[in-house]
Amino acid sequence: MKTRCKIIQMSAVLMAMTFFTTKIMSQQTILGTTNINAFIEEAPSVPNSLEAAAKRAFGSNPLQPDMQAMDNFYLPYEDKVNRKMEEYQQYAQAKMSATGSVNDYHAQAIQDINSNPIIANMGGYEKIKQMSEEEAKVAATQAAAQFVADPFAANGNQSAGMSALYQKVLNDPAYAKQFEKMSEAEKEAELRKFMANNQVVAKTPAEMQQQHWPSGQQQSEADKIRNAQEIQLKIVEWQQQLTEVAQLFGEAIHDIEQSGLTHDAIQDEFRKKFAAIPEIVMGEGREKDPALAHPLYIETAEKHRTRAAQELKEYGIAMAELSSRYQSIVSGYLNYLEENKQKVYGGVSAADIMHSYNTEIPLVSLESSLVGIGLELSKWSREFTGKCASWEQNYLQAIQNYQQ
């Protein structure tokens, strides 16, 4: 009978382990599962010619523009990126929906408050809540005095030697000055003298086990804090890198658009030449001589077109550099994640969230934004394509209107 009960118990344990393992496997993190660089590489750049730009922006006939042409080209890619980013958002929402209730956060907040040594000396949050204002003032004064008198005991360290040294420094001004002038090594030696008188208290095995358990918990907490700090610093570092890359790109675009014979300069030149064209009688009024004005319109449109073709080429180079720099940051992020995935913590308890132990959610947000780089590249491609295409359209319109 006993053997049968044991077998049943073992089966139950194995079933529980199988369920637990299956549940863990089904909740694998989304982090590192996307080929982000492939999304960035796939992002559409600018066309390689003005003719192609005009077709992308306006359809087959720029003089009879299709207003949906640009969306028809870009939306399939942009929708794909948005769907992938939506996966990250849904994952984060599912994670956060598993966090504690309001009561859990309330209990954790009280626990954090009670961890303050002065609050603990006052009897804790619940006891303080029952005090009158006057009682709370008296209790706070006494608790503060107790903490000042023996901060080691308040922090759970009841070393007689440490307390004796502290009291000596506190109550003997001459000794305090002498202690202040000591080197770190001398202070350590002085502390050892005081601690030499500590009484050695033998602990039972049960007491030693009880002491070991909290220390293990403390080590786990320390690891969480250390890993969280490291990952938070890395996130800031990656964000700074992304910002620097964007700034470099902005500077490159500014240089492209402001160097050489700009579109503004071409227009200024046109206005001066157009003003110098004499007017002639045309019907019932006077107009600029078409024989001189029409060739000027075409000449100016050709200059804008030449300028736009050069800009389009340089935009493409700048976008390729931008894509490469972004991919370098993404590769650095993915390499770090691969080498340090054991440091990523996905706990969603009240303590995990309130103390910022959870590093998975911030990384999910970062990784989603890295996927979203594709949308940024697509946006720039749209803008540059549209700008350059408009000058091709302008040229074709001038040829149609003014060519003899």
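What comes next is a walk through the structure. Small disclaimer: the values here were computed from a predicted structure and weren't measured.

## So, the pairing of strand E2 (residues 285-288)
Right, so step 1: Sheet topology places strand E1 (residues 279-282) next to E2; 4 bridges connect them, and they run antiparallel. Paired with Val 281 across the bridge in E2 is Arg 286.
Right, so step 2: Adjacent in sequence and paired antiparallel, E1 and E2 are bridged by 2 residues, among which Gly 283 carries a positive phi angle near 65 degrees.

## Topic: the packing of aromatic side chains
Right, so step 1: Enumeration over the complete set of coordinates arrives at 11 aromatic pairs.
Right, so step 2: Plain terms: the ring middles of Phe 249 and Trp 380 are 5.2 Å apart, the flat faces sit at 65 degrees to each other, and that makes the pair edge-to-face. Taken together, the residues span a long stretch of sequence, with Phe 249 in helix H13 (residues 205-258) and Trp 380 in helix H18 (residues 373-402) at a distance of 131 residues.
Right, so step 3: The buried category is assigned to Phe 249, whose relative accessible area is 4%.
Right, so step 4: Note on Phe 270 and Tyr 297: the rings are 5.7 Å apart at their centroids and 35 degrees apart in plane angle, and the pair reads as tilted. Note that Phe 270 is positioned in helix H14 (residues 263-276) and Tyr 297 in helix H15 (residues 290-340), a separation of 27 residues in sequence.
Right, so step 5: Given the relative accessible area of 14%, Phe 270 is considered buried.
Right, so step 6: By relative accessible area, Tyr 297 is classed as partly exposed at 26%.
Right, so step 7: Of the aromatic side chains, those joined through ring pairs into one cluster are Phe 249, Tyr 315, Trp 380 and Phe 384.

## Topic: empty space enclosed by the protein
Right, so step 1: As enumerated under the stated definition, the model contains 1 cavity of 30 Å³ or more in all.
Right, so step 2: Lining the largest cavity are Ile 231, Trp 238, Tyr 333, Tyr 336, Leu 337, Asn 340, Val 344 and Leu 363.
Right, so step 3: Going through the elements one at a time, H13 and H15 are the ones with two or more residues in the lining of the largest cavity.
Right, so step 4: Top element by residues in the lining of the largest cavity is H15. It accounts for 4 residues.
Right, so step 5: In terms of residue class, the lining of the largest cavity is built from 7 nonpolar, 1 polar and no charged.

## Notes on the side chain of Thr 359
Right, so step 1: Secondary-structure assignment places Thr 359 in the loop between helix H16 (350-354) and helix H17 (360-371).
Right, so step 2: For Thr 359, a relative accessible area of 2% puts it in the buried group.
Right, so step 3: Those residues within four positions of Thr 359 in sequence are excluded, and the remaining contacts are Ala 228, Ile 231, Lys 343, Val 344 and Tyr 345.

## Let's talk about the nonpolar core
Right, so step 1: Among the nonpolar cores identified, the biggest contains 51 residues, and Trp 238, Phe 249, Tyr 333, Leu 363, Leu 370, Ile 373 and Phe 384 are the most heavily contacted of them.
Right, so step 2: Within the residue set of this core, elements represented by two or more residues are helix H2 (36-42), helix H3 (50-58), helix H4 (69-97), H13, H15, H17 and H18.
Right, so step 3: Per-element tally for this core: the top contributor is H15, with 12 residues.
Right, so step 4: When residues no more than four places from it in sequence are discounted, the contact partners of Leu 363 are Leu 31, Ile 231, Ile 235, Trp 238, Tyr 333, Leu 337 and Val 344.
Right, so step 5: By size, the runner-up hydrophobic cluster in this structure holds 5 residues, among which are Ile 298, Tyr 395, Ala 398 and Ile 399.

Calculation rules
Residues numbered from 1 in each chain as written. Predicted model: local features only at pLDDT ≥ 70, side-chain atom pairs only at ≥ 80, totals over all residues. Heavy atoms only, no water. Pairing = 2+ DSSP bridges. Helix = DSSP H or I, 4+ residues; strand = E, 2+ residues; numbered from the N terminus. Phe/Tyr/Trp six-rings, centres within 6.5 Å; stacked < 30°, edge-to-face > 60°. Buried < 20%, exposed > 50% of the residue type's maximum accessible area, 1.4 Å probe, protein only. 1 Å grid on protein atoms, 1.4 Å probe; cavity = no way out; pocket = protein on both sides within 12 Å on 5 of 7 lines; lining within 4 Å. Points joined across faces, edges and corners; volume = space filled by probe spheres on them. Nonpolar A, V, L, I, M, F, W, Y, C, P; charged D, E, K, R; others polar. Contact = heavy atoms within 4.5 Å. Core = buried A, V, L, I, M, F, W, Y, C linked by side-chain atoms within 4.5 Å.

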